[in-house]
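Survey of secondary and tertiary structure
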Amino acid sequence: MQTWPIGVFASVDAGLGVRWDVISELKVPTIQLHAPHAGNRNETAAAQFREQLSESDVRCTAVFGGFEGESYADIPTVSQTVGLVPAATRQSRLEEMFEIATFAKRLGCDTVALHLGFVPHDPSAEGYSEIVSVTRKLCEACDENEQYLHLETGQETAEGLLEFIKQVARENLKINFDPANMILYGAGDPIEGLRTVANFVRSVHCKDATWSDKPGETWGAEVPLGQGDVNMRTYLQTLKEIGYTGPLTIEREIPQDPQRQKQEISGAIGLLTTLRTEILG
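Structure report, in brief. Model, not experiment: these values are computed from the prediction.

Each value, and the rule that gives it
Residues numbered from 1 in each chain as written. Predicted model: local features only at pLDDT ≥ 70, side-chain atom pairs only at ≥ 80, totals over all residues. Heavy atoms only, no water. Buried < 20%, exposed > 50% of the residue type's maximum accessible area, 1.4 Å probe, protein only. Helix = DSSP H or I, 4+ residues; strand = E, 2+ residues; numbered from the N terminus. Pairing = 2+ DSSP bridges. Disulfide = S-S within 2.5 Å.

Considering the pairing of strand E1 (residues 6-11)
The buried count for E1 comes to six of six residues, which makes it a mostly enclosed element. Side chains Ile6, Val8 and Ala10 of E1 all project onto a buried face; the interleaved residues Gly7, Phe9 and Ser11 project onto the opposite face, where all are buried too. As paired elements, E1 and strand E10 (residues 248-250) share three bridges and run parallel to each other. Note that in E10 the partner of Gly7 across the bridge is Thr249. The pairing of E1 with strand E2 (residues 30-34) spans five bridges and is classified as parallel. Paired with Phe9 across the strands is Gln32, a residue of E2.

Considerations on the state of the cysteines
The tally for this structure, following the rule as stated, stands at zero disulfides. Cys142 supplies the cysteine sulfur nearest to Cys139, a cysteine that is in no disulfide, at a spacing of 6.7 Å. Cys139 gets classed as buried once you look at its relative accessible area, which sits at 0%. Just so you know, Cys206 is unpaired, no disulfide at all, and the nearest cysteine sulfur is the one on Cys60, 17 Å from it.

These figures come from the coordinates and say nothing about function on their own.
In structure tokens form, the structure reads like this:
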């Protein structure tokens, strides 16, 4: 497989990813998939989607879990609603992730991913051990499927994420590194963060953002690739330094404007193609 194949974050019926017609038009070789709604995760639906991938010569490199009731309205709301951290929905969402892992296996995909939610920075904090426990359960279910579990960066610092991975202590727990999320959440410099967690990075997003004037309190702003504070050239150079050779998955979250979304993703493909040639030779 080519080093750094370019892909997009995609959706069948749910989430913020691009639709199949856009995938076909852009002719990308890889996608990450936002898990379909529950009714579309059965064996028949998986077989149909797997055939569609095969016919288009597209490889699904990860299936991302997402849950009803999650909201990214602002940072406090994310803390209360996202992932497996909120205790009230933890068990039902864990069972949903088991189902998503089975769906991914049916697609022939060895990676399941999600935003875990806001994990406390201090391992002795109330609730921390329960979040470790539920993550272990999910890792073990994925391991039975010969899958990895990727945690997407965002809500925690690089050091906090490393500590959490250490606490969970499961070999198949890895990272989906999203540099823009480090900026959007005010979690730290994305390039330094990438170097810090380098040994666990197994997939990445290519997304850009600008800093909030109150980092960690209010959102930064997501912007087209190359127009934010990530510095995409330095990002790719750092990916090369740490030995990352996997897909560069573009994520652009403006589903309310699909035409603009497609145009900006097309521009991102052009930028990444140019940088890849310059950096890799």
